[in-house]
Each structure stands twice: as structure tokens, then as C-alpha cells.
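Structure at a glance
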Amino acid sequence: MSMDLDPDEVFRDDEDDPENEFFKERDATKELLVYLVDASPKMFSTTCPTDDEKTATHFQVAINSIAQSLRTQIINRSYDEVSICFFNTREKKNLQDLGGVYVFNVPEREDLDRPTARLIKEFDRIEERFEKEIGSKYGIVPGSRENSLYNALWVAQALLRKGSAKTADKRILLLTNEDDPFGNLKGVIKVDMMRTTMQRAKDAQDLGITIELLPLCRPDDEFNVSLFYADLLGLEGDDLAQFKALIGERFEDLNDQLRKRMFKKRRVRRLRFAIFNGLSIELNTYALIRPTNPGTITWLDSMTNLPLKTERSFICADTAAIIQEPPKRFQSYKNENVIFSVDELSEVKRVSTGHLRLLGFKPLSCLKDYHNLKPATFVFPSDEEVVGSTCLFVALHRSMLRLKRFAVAFYGNSSHPQLVALVAQDEIMTPSGQVEPPGMHLIYLPYSDDIRHVEELHTDPNSVPHATDDQIKKASALVRRIDLKDFSVCQFANPALQRHYAVLQALALDEDEMPEIKDETLPDEEGMARPGIVKALEEFKLSVYGENYEEEDSNIEGKAEPTRKRKANAIKEYGNYDWADLADNGKLKDLTVVELKYYLGAHNLPVTGKKEALISRILTHMGK
């Protein structure tokens, strides 16, 4: 008996399988994006102030923002594909040979493809080469039947024919400062050209292509979206009012607006949630805020700088010849070889028949904060493939909220099984005024051999030390002192990651200098040295460690002497006390340890020890 088995299929991990649903879901969240940039003379003649207090044209602002988004995308969403297309141009370059449209690209890359280092390098120099190689002109003028906006939408639609709308998000991002592209035309010609352009946009939208507008405001005139683009985009009612309200914001921080569109809420993957007896519903998962980690390592050839591909060959041990057919898969059992088929091996590796399987329910009181091993995932129902998923999800969601229960489920694949908790969340209003829809949070739990142990995962309360009322009071006072108003973790960039990607960028683009990285996580030393914060901190340490908390370190070099900043603060506070009077009248004992250290720190005396030791040290120094 012989069986031909592919060892790659037998031994491959599920995550390495291109046919695995995990990989299919990654393709399903891939985005295909076409930047449509207006290159009319008005984009070059209109200027606006920038962050460095210089003026820049709207064309420069658009180009710089796209270049920055490409750098971000090549790191964070490397499998997304982009194309850059200019319209209202003198030269034309597109597969349809349409006038006024120029598709910018570099050799060895398709017009719609993943961004590359060479694309970014060439695009950074587009301003100095634009007039010579591409040129600018008004595309829609009286006496001309050429409609460059229509042509641009046609070219963008043709570029986005790649892939299916079910497996990728397709978008056109239009950047222009012209709110009425047909303003110079009149009569029937204007009506006809507007009608055909809107029909072209509708045809693209019917194919699953989303068209978005990033209007660039003119200093002396507001971008009036109602003249033309409201009809093109299908904006009306509240959507139109909201779009108008955000026009100024869209232009003031174009980089952020592009970043928001790059990292818009998109489905991470699709799950089949098995309930019982073959009944299942379809869920979409969405990632919440989580830390950013460096990307995976890709080994490159030192000569060509292309990714290396691993290939496996089987060599005969007797003849050293390459074996064309892969070896059979045997397993030794009682000195006999047992042959497994591919289906049998797959069944052995299978832990569950689905991605998510319900195991039972537990009271919410059994779920502790420290059970959450990593950032949670938000799940929401979808009727795209399993009709009725939303109805069943809503019934389950309402029951879990009413009974105050969470669902325990199995999640993952054969190589990475995981216990998870599904916690129902009602609709909530965020501090920023945004409404979060009802749904469930998928929380990753510690692994347990028996699901009954989930209820016993909490720690014995008697073994946990508890803070005293005085310690809580002192801690609350300290927190109030150092509290940051309107704090958000999104305000600070990870300096290690920033430096890591700055080095990668410098190497990939052959840059001579590496961008300067500002570490925003360093503490505000000047602010932390304020007397109120120092006093609150010392009182908190005293309440936790006691009066002699520094005695153990008193013999260590550098610990007994006050620090430079502490000494500066002590000298400042020292003058607020009549030390001679306090010593003569025996009132030093009425001072706190923090106040006694003002005297010691101002005279370069050790500040460690109990309160009695500090008083004795002061009296000795004063000769009392």
C-alpha cells in the first residue's frame, strides 16, 4: 500500500496555509485605493499657511499628505494597493488613452499595486518634475467637449476592476479645490456634461467602489459642496450638513484626514459562531485600540534586495539524488509503521469544527479584569452569508444583558486554541460625543483544562494586601496633583517604534540623514518638581513605607544625600520656617518628615531615618 502525501500539506501550520480562512480574511480586508489629484492651475495658484509658518500651494499640500500616507501605509497596511492619478493635466498616460489624465507610476510596478520604496522616492520629487513631464491645464473650458473629471473617474474605475468587491474595499479619494468644475460652461453643454459625469460616478458606485472627497478650501472662499459634488457623492440631509461642518477640519489637517481614511473601521475577519446542533450565526470582528508592534522580518537577497523564498528538496540518503515524489507519512506504533491519510491527519489536528463555538454561560461576577490577556475584539452580526444572524444575535445579546451573563466559547484554530469570553455591551456614549453601537467584546481568557475552573480563576481575597484608609487618601491626593486633563494614550507615539521605522525609511529610501525622533513619553521634570507634587509624593511614600523607609538605603553611596532637584526645592522652602525658634521651643516634633527634610536638604545633610533621627540631626547641626 502506498499513498502520495504532500509533506507541505501535512506539516504546514494553519497560519502558513494560503488557503486557510485566516489568509482569506486578510485578503477580504485588503483595500484598493486610487488617489485622484486635481492638477489644474488653480491648485498651483492658491496658497495656504503650513505648520512651519510658510505658505504652500494646495497642490503641494495634497502631494505632501499623500507621500506621508504612503509611508504610513507601507508599514502598517503593506498588502493594500494604491494608484496615483492626476487629472486636468497637459500630458496623458493611461491604458484608455483618455485626455487630461496621467497615472503616475514607476517601473517594475503595476498601476495599481502595493506601494514601494521606489514609488515613494520618485513621488517625493514630483513637484520639481511636474511641469516638465506632466503639466497642468484647465480640463473643462467653454468650446471644449473634453471632460477630464469624467475621464479620471473612468480611468480610476478601470484600475479598480482588479479583484472583487467581496474580497476587497475599493475606494477613490478625490482631492481638489474646485467646487464647481463645470462653472465655466452654460446651457445644454453644461447639463449634458454634468449628467454624464454623475452617471459615470454612479456606475462606479454600483460596482462597489466608494468615492470620497477631500475638499481643499480657498482662503477667500468656502468650498461649496452643494454646487456639484453633493449630487455626485449622494450627500443629502444630515449627511450633507455633517460634511459641510467638517470641510474646514478636513483641510486644516489633511494628513490626519488621510490617516483616518486609511485606518477606517474595517472588518478584521469573518467568524462563524456555532451555537448548538448545527445552528450558527455570522459575525464580523473589528480591532479596538491596541499597541503597535514592529512588522515581521522579511529576509532579502543581498544582491537584488528581493524577498527570499524558501524551497524544500528531498534527497535520498543512499544515492544523494533528489527525490521527485515526497516521502510517505508513517508513524511507528509497536514496531509497525502506520500510514495516515491527509484527511486523517487534518482530523487529528482539528480541535473544533468552527472558528467560534459556544461552550456555556457564566455570571459576570466570575469575570475579572486580570482575565483579559490581550486587547479585546469587538464583534457584530452580519447577514451577508447567514441570513438571520442579526436577529439571533440581538436575542442572545438582550438575554445576556438582562441575566448579567457572559458567554464562554472556544476560539481559534488547531495550532492556536483559545478560551474567550463574549461580553455583551449596550449602546454607549463616549466622552467625545460619539455613539458606540451595541455588540459584544471578545475577551481572551487564561487557558483552563476544565471550563468549570473559569469560575475559580479569581485570587483568594485574603492573600491580597489591602491599602489602609490613610494610604488611599494620600494616593488620591497624589493622583489629583499629577492628573493630566483630557489625557489619551493616542496623544503619545511609541519612541522605540518611531526610531525603528525611521531607520527602515532611511535605509529603504537611501536617505543621508535620519529624521529626528522626539520622545513624547519622557516625564515633565519641571512640572514634577513643583512643591505641591513633591510634598504629595513624599507623604504618599511615608504612608506606604513608614518613616524609616530610606534607612535600608542609607549606607548606599548617593542615597543619603539629597538630589540636586530635591536640594533646590529644599532651599526654596527652607526660608519659610524660623528654624531657631522651632528648635528653642521644641516645636520641631510638630513638623512633618517632609518639612524636616527641607532643613536637611538645604544644608546637604542626610535625609534618611526616622523622625526622631531627623530632629536629632537638625539639633546637632544647629549646636543645640
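The protein is annotated in an unreviewed UniProt entry as ATP-dependent DNA helicase 2 subunit KU70 from Solanum bulbocastanum. Listed under Catalytic activity (unreviewed entry) in UniProt, the entry text for the protein is "ATP + H2O = ADP + phosphate + H(+)". Of the protein, the UniProt comment under Sequence similarities (unreviewed entry) reads exactly: "Belongs to the ku70 family."

1. Section: a nonpolar patch on the surface
The grouping of Phe-276, Leu-279 and Leu-392 at the surface amounts to a nonpolar patch, some 250 Å² of accessible area in total. As for its position among the elements, Phe-276 is in strand S8 (residues 269-276).

2. A short note on the packing of helix H7 (residues 148-159) against helix H8 (residues 187-206)
Where H7 meets H8, the closest approach of the two axes is 9 Å, and the angle between their N-to-C directions is 15 degrees. In terms of orientation, H7 and H8 fall into the roughly parallel class. Once H7 is placed against H8, the crossing between them reads as left-handed. Here H7 contributes Leu-149, Tyr-150, Leu-153, Trp-154 and Gln-157 to the contact with H8, which in turn contributes Thr-196, Thr-197, Arg-200, Ala-201, Asp-203 and Ala-204. Class assignment for the residues of the contact of H7 with H8 results in 6 nonpolar, 3 polar and 2 charged.

3. Considering the pattern of salt bridges
When their charged atoms lie close together, side chains carrying opposite charge are able to pair. All chains considered together, the criterion is met by 22 salt bridges. When the shortest N-O distance is used, the salt bridge between Glu-212 and Arg-171 registers 3.0 Å. Here the residue Glu-212 occupies a position in strand S7 (residues 209-215), and Arg-171 occupies one in strand S6 (residues 168-176), the gap between them amounting to 41 residues. In this pair, the class of Glu-212 matches that of Arg-171, namely buried. Salt bridges sharing partners connect three or more residues here, namely Lys-30, Glu-81, Glu-110 and Lys-162.

Definitions and limits used
Residues numbered from 1 in each chain as written. Predicted model: local features only at pLDDT ≥ 70, side-chain atom pairs only at ≥ 80, totals over all residues. Heavy atoms only, no water. UniProt positions renumbered as here; feature names shortened; annotations may be inferred. Patch = residues over 30% accessible without salt bridge, like charges linked within 9 Å, V, L, I, M, F, W, Y side chains within 5 Å. Areas by Shrake-Rupley, 256 points an atom, 1.4 Å probe, with all protein chains shown as cover. Salt bridge = Lys/Arg side-chain N within 4 Å of Asp/Glu carboxyl O. Helix = DSSP H or I, 4+ residues; strand = E, 2+ residues; numbered from the N terminus. Axes fitted to C-alpha atoms, helices over the stretch in contact; angles between N-to-C directions. Parallel < 35°, antiparallel > 145°, perpendicular 65-115°, else oblique. Left-handed = near helix turned anticlockwise from the far one by under 90°. Contact = heavy atoms within 4.5 Å. Nonpolar A, V, L, I, M, F, W, Y, C, P; charged D, E, K, R; others polar. Buried < 20%, exposed > 50% of the residue type's maximum accessible area, 1.4 Å probe, protein only.

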